[in-house]
Each structure stands twice: as C-alpha cells, then as structure tokens.
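A structural walkthrough
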Amino acid sequence: MYVAVKGGERAIDNAHAWLAEERRGDPAVADLSLAQIREQLALAVNRVMAEGSLYDPDLAALAIKQSRGDLIEAIFLIRAYRTTLPRLGASRPVETAQMAVIRRISATFKDLPGGQVLGPTFDYTHRLLDFKLAADGEVLPAATAPADMADVPHVTGFLNRDGLIEQQPTGNAVPPDLTREPMELPADRALRLQAITRGDEGFILSMAYSTQRGYGRTHAFVGELRIGTVAVEMDIPELGFAVNIGEVELTECETVNQFKGSKTEPPQFTRGYGLVFGQTERKAIAMSLVDRSLRWAELGEDYTGAPAQDEEFVLMHADNVQATGFLEHIKLPHYVDFQSELELVRRLRAEVFAAQEAAE
Amino acid sequence: MTAQDYNFAYLDEQTKRMIRRAILKGIAVPGYQVPFASREMPMPYGWGTGGVQVTAACLTPDDTLKVIDQGADDTTNAVSIRKFFQRTAGVAVTEATLDATIIQTRHRIPEAALTEGQILVYQVPIPEPLRFLEPRETETRKMHELEEYGLMHVKLYEDIARHGTIATAYAYPVKVEGRYVMDPSPIPKFDNPKLSGSPAIQLFGAGREQRIYAVPPYTHVVSLDFEDHPFVASKAPHDCDLCGAAESYLDEVITDDQGGRMFVCSDTDFCRTRREAGHVGHLGVPVQGGV
C-alpha cells in the first residue's frame, strides 16, 4: 500500500541543521570572526552593501558568514533585513567634490587640480599567486604622506567651463524610490541609476562590455574615477541646520563620451555616471557606461536594438535577488502543472498515432 | 529571527496599508493588474512572496490560515510559509479547507467549494497573460488598455491548427467580467471553472513582478475558447487510488521502476476527508480514527 509522502516539516528542520554544520566546516579550524571578514574580505563586504542597498559593513560581514560566502545569498539577507527598517528621513545629497579620496584617477587628463592618486588598487599588480600569503599574512607598513584637505573638483567641471560637455540639469526634485514604489516604465534617469547601482555586478559588467564591443557603442573615456569617504548630513528640523550623522565610502565614476551631435544636440561631450557604495570600481565604471547607453533617446541618438539601450530589458533583469529567486523556484514542486502537461502530451501523442494508423 | 522583533504578520502597518489599497483597487477593477511596491521578503522571489504579502495584509489575529502547494498542506514550501505566519502572526492554522478563513495556495484551487467570507490567495509567478506573446511590459499594458486581445486568440487558433486542440494545460487564460484577460496563475485548467461565481474573494499576488489583482465574489470568469472548440476542464482519466474520488484532480505517483504508477488526489485535505468518511480507493485501506 502506498502512503503519501509526509514529514516535510521534519525534513526542513533536519536540512537546516545540516546546513548549519556545513557552514561551520571543520570545528578544528578556528571560527571566522565578523571583524576578520569586514577587514580582510572588504571588497566582498562592499559588494554586499552596494547590491543590498544598505551601508553597514558589520551586517554585511554577518551576511557573508551566514551565507557561507555566497554573495548573492548575503545580498538577499541584507535586503530582507533592510526592508523591515523604518525610514527616519532623507540625508542631504552627498558632496563628492569634498570626498576624502583614497584613489582618484583621470584617463582624459595627465594632470589636474587635486592630482592623480593611484591608491590601493590591483591595477599593475602582476597576477601571480603569492604563496607567501599562504604561509603568513604579515605586511610591511605602506608609505604615508600628509592628507591634502582641499576639495577635489570634478574633471567634468573643467570641460563644462568651456561648454564642451553637456550641461547637467540641476534641480531639487525628489527622486523616485524604487524600494517604495513599483517600478514604472519608462523610468527617468534617477530611477535608472538607482536600479543599476543595486543591480548585479556581473550583469551590469556584461551590459557595459557589450557596448564596448559595438552593441550600442558610446565611445566612453573614464573622465574620472574616485574612491573615498564622504560626510552624510541630515537636516534636523528642530535645529534648523544640517548635522553630520556619519560617513560612507563611495566609488564615483564619470565617463566623458564622444558625441558628434544629433538632430537635437550640437557636437559636444556627453556624460555617463556611476555611483556605488564602497570600493567597487568595476561596478561604478560599468554603471556609467550602461547609464550613458540608456540615454540614447534623450540625446536624440538612434536606437540600434542593442540590449544595453533597452531600458526595460536592463532594468527588469538587473536585480540578482529577483533573478535568483525566480530561477531557483523551478526547484519547487510542479507536480500539478507537470501532470497537466503529461495528460496533454499523452493525448496529443494518442491523436497522432491514431491518425497514422488510420492513414496506413 | 525572533518573532517579537517584527510587527504582526511581519510587514509594518504602512506597508500593509499600501498593499490593502492595491487589493481594494484590484477588487474594484476585477482582473486588472495593480502595480504595488512589493517588499523584499525573508523568502526568495518566486517562492510565493506576492501571496505572502497579500496574506500578511489580510490576516487578523482571529483568522485561521491554511497553506497549500500543489494542493497539499505538507509540501515543503507550504510548510515553510505556514510556519512563517505561525511565527510572525501567531494565528491558528488548519488543513481543513472549510475551517480556514484565509487559504494561500500555489497552483491549485481546493476541491471543496469555498464559502462567503473566505479569502483565497494565489501565488503568481508571471501575472501577465500576454507575457509570452509580447515580452515588453510597456506594450502589454497598452494592449490591456485598448482591450487588444487579438494576439491571444491568434495563439489559441494556431494551437488548434497545429495540434487540433488548445495546447495550454495550466495557467489557461480567462476573461474576467467581459473585460480583462487574466492569468489565473499556473493552476491546471481543470480548476478554471471554479474561478467563476465563487462566493469567496480571490486575490492574486505577484511579488517579483509587483502586481496584485483580484476576482471579487460572484464574478463571471470565462476560459478563452472558440465556439467550435469549447474549453474542456481535463484531468487524468482515473479515480483516486486512495479515496476513489472520480471528480478530483490527480497527481501521478511512480511506484516502481517497472512502469507501475498510481493516481492520488492532489488535494490532500479532500482525500483525507473522503477516506475518513469511509471511501476507499482501488489501492487504499479503510481508515480507523483518522489518518
């Protein structure tokens, strides 16, 4: 006699207990501390903060530990936590020209006010496995210099003075918030940038790369890439002035794009913009390329059918928490739908065979 | 997660209010997909986050909740969602369709007839019935606005031309109150007739796609078809091997590697109730004092 499968609840509990054990790994090996993850896997922490849309390195480290290093799972944990947090208010826009930069480079000018600062970059490292690191992690202290407290003006500002680059519209309009309102298309640029900055790094990278290979080419130069910390200020109505409530690390990228002019715009340089939490420069550069590519309509360019020009395609598929959830849901039982397909295929086959027999 | 740290039924009251507004709009315009600001839930998108948000917005402390997946109360995801609400809302739960005030479902409508005052919440993966004919949301919204459903009829006609029959077995499109074409979620088309004229409120939540829609009680819902190819609610041509029911939707269970199989009700509560009432199927045994 057949007994229907029962015990889903016990199976789930046991699976979770096993997962917890696997997450810990060999108990003879020391447990990872959150501080170790935060300090030594900082770029993973940054990615989780950026795509989780929550700036909290300790929570991001916890999410990475809990997810066994699966960063999309960690991003999901942070998102699910973030959505429960009350919204106390909005900060003032951060002033990236006043950033305390640890890195600032321009690919368009050899030297410029504020200087080029290479900073802690993998660029120019030879990608040779460092076996010494496997033995001990000791490092010698790096050289230091006194901090330059001056503002670091934006490269695009210099071009703007000569009217060589498009004007950036200014305004105090409250940007839409895709975490509080359903995404409606067509989206404005602020909404697109929001979606891209929390979008999957791999997806945004591939979209940007495709524009470089000719699918919606935008001729981008990195006008400037900067990484550093900025102050976050909030207006306190009771006080009547803004108060510094903390600082965040950001990566900002501005591309300068060649533009021969269109029916509506004169020849000038145009802009792509990327701004991402933490030291996340691959993402910020990719973001600025995708941003520029999506601006074709506003600049009167032709739509060539390239994926990176297609706002709906990019925005609806950039979110890895959505994508991974829907992708993996096909693991769930589909007995009922599959059964209905089985019946259909059996019936269609029976009809085909009956028709064949009748013909013979 | 400790349940006390979260609001009743997990979502904060502002979010519930936003969802309730979308539900009310959906009920006012049957079959219309209302955009709503879906939240990240502590379970993955695609695993019922839309249904969970709708259920959370409808639940009151006096409610009795039933959760089914594929018709069954004990499938893993149904267990997981039921546990979530037990933990965050502390509501009573049941497996009995008739005792539930809210039923969250994935892929089935219960066999037992629903009654006034009950709410059936569907989990919806792709709310747009036209999606696989036109991938762009901007286009499909326009098609709904203009009531431009010719593409769907052409698709159904092409099915008939190719296969002699409409080759859609689940998520079979319906028209609600003569206006909006709606995706009933991936229920087998066997369940479609139960959508129409139901005394219960039927709510559909699509979390990832940020849409809510509704079929209010006693609404006319028609499965799309042609006069010469009328809609047929089909199922496996068998009786349930456990309870002998001839009128319920069946799951096929492979019992050995020699081609052996049996058919059992996909609605576990329906099957259990029948067996407790003394019905015995072909491979079943009489029940003594409950299963």
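Coordinates for the structure precede this section.
For clarity, every value in this text was computed on a predicted model and none was experimentally measured.

Rules used throughout
- Residues numbered from 1 in each chain as written.
- Chains lettered and ligands numbered in written order.
- Predicted model: local features only at pLDDT ≥ 70, side-chain atom pairs only at ≥ 80, totals over all residues.
- Contact = placed C-beta atoms within 7 Å.
- Helix = DSSP H or I, 4+ residues; strand = E, 2+ residues; numbered from the N terminus.
- Nonpolar A, V, L, I, M, F, W, Y, C, P; charged D, E, K, R; others polar.
- Buried ≥ 20, exposed ≤ 12 C-beta atoms within 10 Å, placed from the backbone.
- Pairing = 2+ DSSP bridges.
- Axes fitted to C-alpha atoms, helices over the stretch in contact; angles between N-to-C directions.
- Core = buried A, V, L, I, M, F, W, Y, C linked by C-beta atoms within 7 Å.
- Domains from an automatic or database assignment.

As a further point, take the interface of chain A and chain B. Each side of the interface is counted separately: chain A has 40 residues, and chain B has 48 residues. Put simply, the parts of the chain that give the side of chain A that touches chain B at least two residues each are helix H1 (8–24), helix H5 (71–82), helix H12 (320–328) and helix H13 (335–359) of chain A. Tallying contributions element by element places H13(A) first for the side of chain A that touches chain B, with eleven residues. When the residues that make up the side of chain A that touches chain B are grouped by side-chain class, the tally is 19 nonpolar, nine polar and twelve charged.

With that out of the way, let us pick up the environment of A:Ala74. Residues and elements named next belong to chain A. By secondary structure assignment, the location of Ala74 is in helix H5. We classify Ala74 as buried; it has 27 C-beta atoms within 10 Å. For the pair Ala74 and Val321, spaced 247 residues apart in the sequence, the C-alpha separation amounts to 9.8 Å.

Residue and element names in this part refer to chain A. Here we have four strands laid out as an open sheet, ordered S1-S2-S3-S4, and antiparallel in their pairing. Of all strands in the sheet, those bounded by a partner on one side alone are strand S1 (100–105) and strand S4 (270–277). Here the average twist between neighbouring strands, direction ignored, is 25°. Judged from the eight bridges that link them, strand S3 (residues 241–257) and S4 form a sheet pairing that is antiparallel. Its bridge partner lying in S4, Leu250 is registered against Phe277.

Counting 106 residues, the largest nonpolar core has A:Val48, A:Ala60 and A:Val290 as the members making the most contacts within it. Summarising the domain contributions, this core has at least three residues from each of domain 1 (12–82) and domain 2 (96–119 + 147–167 + 183–318) of chain A. Counting residues in each nonpolar core, the second largest holds twelve residues, with B:Phe190, B:Cys243, B:Phe263 and B:Cys265 among its members.

Bringing the sheet that holds strand S4 (residues 102–106) of chain B into the picture now. All names here are of chain B. In spatial order, the strands read S1-S9-S8-S5-S4-S2-S3; together these seven strands make up an open sheet with mixed pairing. In this open sheet, the two edge strands, each paired with only one partner strand, are strand S1 (34–35) and strand S3 (92–93). Here strand S2 (residues 64–69) runs beside S3; their pairing, made up of two bridges, is parallel. Residue Thr64 lies in a different strand from S3, and its bridge partner there is Ala92. Here helix H1 (residues 13–28) sits on the sheet and contacts S1, strand S8 (201–206) and strand S9 (211–215); the angle it forms with S9, its principal contact strand, is near 45°. Along the sheet, helix H2 (residues 49–58) makes contact with S4, strand S5 (119–123), S8 and S9, crossing S5 at roughly 155°.

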